[in-house]
Amino acid sequence: MTPLALFLWALNMAVDTGGQLSFKAAASQGVELSPLRHWKFMFLRPWIWLGVCCYAGEFFVWLAFLSQVPLSSGIMLGSINIVVIMLAGRLLFKEKLTSWRVAGILLITLGVALVGLGE
Amino acid sequence: MKRFYIIGFLTLMAFDTLAQISFKYTAMDAEPLTFDAAWFLRILGNPWVYGALCGYLGAFVIWMSLLRHAPVGPSFAASHLELVSVAFFSVWLFNEPLTVPKIAGGLLILLGVLCLAKGEEKEKVADASVPSCSGASPQPPL
C-alpha cells in the first residue's frame, strides 16, 4: 500500500469507529423515555449529529481509499473496523471480551494483515 | 421461515455488493484524487454514486427488518458474506487478481466473523432472562 492508501485506511477506521461510538453514546442516554421522547432527546444532544458527520465523512474517505486500492482488497482491509469498534466498546462502554470475541479479533486482524502485506 | 431468512440475507448481500461496486466505479470515474471542489463535483455528478446510496439505503432497511426476526449472531455473520460476493465481482468486473495472500486473508477474516457470531449466540443463550422469540435458538425450550 502507498502511504496515501495507508493514511486513508487509518482515517476510515477513525471516522467509522467515531461514528459507531457516537451512535452508541446517543442511543444509551435517556433510554428510560418513551420511543418518541427518546428520539427527541437524542436529536437535541450532539452525539447523534457527531455520528451523522462521521458517516458523511466516511462516505468520501471510503471513495478516496477505493481509488487507491483494488475493491477486493479494500473490502477485506476495511474489516479491521469490526475489531477496532469492539476494542473501543470494551474501553468506553465496558463491553465484555469473551473468548469467542478474542478469537474473532485475532483471526480478523491476522487476515487483514495478510491482505495488507500482499498489497 | 427458513426461506424468509435465505431470501432476506441474499437481498442484503445484493444491496451491499451493489453499494461497493458503485463505490468503486465512482472512485475510478472521479480520478484523479485531488481532494478539491472539482473532485467532489465529479463524485456528485457521477450516476454511480447514487447506486452506492441506494445500496446503502436498501441494505439498511433489509438489515433492520431481518434483525426483528433473526438472531443477531448468525445475522452478523451472514451480513459479512458480502466479502465473498464483492471479491467475486471485483475479479469479474475490474479484472483484479486474486492473489494467495488475499484468499488466505479473506478466509481468516471470514473465520473471525464466524467466531464473533458464535460469541453473540452464546451471549444470547447465557442471558436466560430474555427468551429468544426467533425460534432459531440452539437450546430447546425448558
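Draft legend 1. Expanded view of the overall build of chain A. Each helix and strand in chain A was counted, giving six helices and zero strands. The order of helices and strands in chain A, counted from the N terminus, is α-α-α-α-α-α. C-alpha extents for chain A along the principal axes are approximately 50 × 35 × 20 Å. Chain A carries 8 positive and 5 negative side-chain charges, and their two centres are separated by 15 Å.

Draft legend 2. Structural detail: the interface of chain A and chain B. With 36 residues of chain A at the contact, the number on the chain B side is 40 residues. On the chain A side of the contact with chain B, Phe59(A), Leu71(A) and Trp100(A) bury the most area, a combined 20% of that side's loss. Here chain A and chain B share one salt bridge between them. A salt bridge links Glu120(B) to Arg101(A), with the shortest nitrogen-to-oxygen separation between them at 2.8 Å. Of all the secondary structure elements, the ones that give two or more residues to the side of chain A that touches chain B are helix H1 (3–28), helix H3 (46–66), helix H4 (71–77), helix H5 (80–93) and helix H6 (99–118) of chain A. The element that contributes the greatest number of residues to the side of chain A that touches chain B is H6(A), accounting for 13 residues. Class assignment of the residues belonging to the side of chain A that touches chain B gives a composition of 24 nonpolar, nine polar and three charged.

Draft legend 3. Structural detail: the confidence of the model for chain B. Residue and element names in this part refer to chain B. Per-residue confidence for chain B gives a mean pLDDT of 85, with 87% of residues at or over 70. Averaged pLDDT values over the elements of chain B bottom out at 81 in helix H4 (residues 72–79) and peak at 95 in helix H5 (residues 82–94). Considering only residues more than four positions removed or in separate chains, one finds that residues 129–142, a stretch of pLDDT under 50, has eight contacts.

Draft legend 4. Layout of the packing of H1(A) against H3(A). Residue and element names in this part refer to chain A. One can describe the packing of H1 onto H3 by two numbers: an axis separation of 8 Å at closest approach and a directional angle of 155°. Here H3 runs roughly antiparallel to H1, going by the angle between their axes. Pair H1 / H3 crosses with left-handed handedness. By residue class, the composition of the contact of H1 with H3 is 18 nonpolar, six polar and two charged.

Draft legend 5. Region of interest: the side chain of Thr17(A). All names here are of chain A. Its location among the elements puts threonine 17 in helix H1. Using a relative accessible area of 8% as the deciding quantity, one classes threonine 17 as buried. Reaching out from threonine 17, the side chain makes a polar contact with the backbone oxygen of methionine 13 at a distance of 2.6 Å. Discounting chain neighbours no more than four positions away, the residues touching threonine 17 are Val84, Ile85 and Ala88.

Parameters at a glance
- Position numbers for residues count from 1 along each chain, tracking the sequence in the order it is written.
- Naming scheme: in the order in which they are written, chains are lettered from A and ligands are numbered from 1.
- Reporting of local features is limited, given that this is a predicted model, to residues whose pLDDT is at least 70; pairs of side-chain atoms are given and counted only at 80 or more, and all residues count toward the totals for whole chains, interfaces and linings.
- To obtain the side-chain values, all non-hydrogen atoms of the structure were included, while hydrogens and water were left out.
- Only DSSP runs of H or I covering at least 4 residues are called helices, and only runs of E covering at least 2 are called strands; the numbering of each starts at the N terminus.
- Positive: Lys, Arg. Negative: Asp, Glu. His and the chain ends are not part of the count.
- The atom standing in for a charge is NZ when the residue is Lys, CZ when it is Arg, CG when it is Asp and CD when it is Glu.
- A contact between two residues is defined here by any heavy atoms of the two lying within 4.5 Å.
- Reported buried area values correspond to the accessible surface (1.4 Å probe) lost by two parts on association, with both partners' losses combined.
- Salt bridges, as used here, are contacts in which a Lys or Arg side-chain nitrogen is within 4 Å of a carboxyl oxygen on Asp or Glu.
- All amino acids are sorted into three groups, where Ala, Val, Leu, Ile, Met, Phe, Trp, Tyr, Cys and Pro are nonpolar, Asp, Glu, Lys and Arg are charged, and the leftover types, Gly among them, are polar.
- Scored between 0 and 100, pLDDT is the confidence that the predictor attaches to each residue.
- Orientation is described by lines fitted to C-alpha atoms, with helices fitted over the stretch in contact, and by angles between N-to-C directions that extend from 0 to 180 degrees.
- Between 65 and 115 degrees an angle is taken as roughly perpendicular, under 35 as roughly parallel, over 145 as roughly antiparallel, and anywhere else as oblique.
- Helix crossings get a hand from a simple test, with the near helix turned counterclockwise from the far one by less than a right angle marking a left-handed crossing and a clockwise turn marking a right-handed one.
- Only protein chains enter the accessibility calculation, which uses a 1.4 Å probe; a residue is then buried when its area is under 20% of its type maximum, exposed when over 50%, and partly exposed in between.
- In protein, a polar contact means a hydrogen-donor-capable atom and an acceptor-capable atom, both N or O and within 3.5 Å, with residues adjacent in sequence counting only if both atoms are side-chain atoms; elsewhere, any N or O pair within 3.5 Å suffices.

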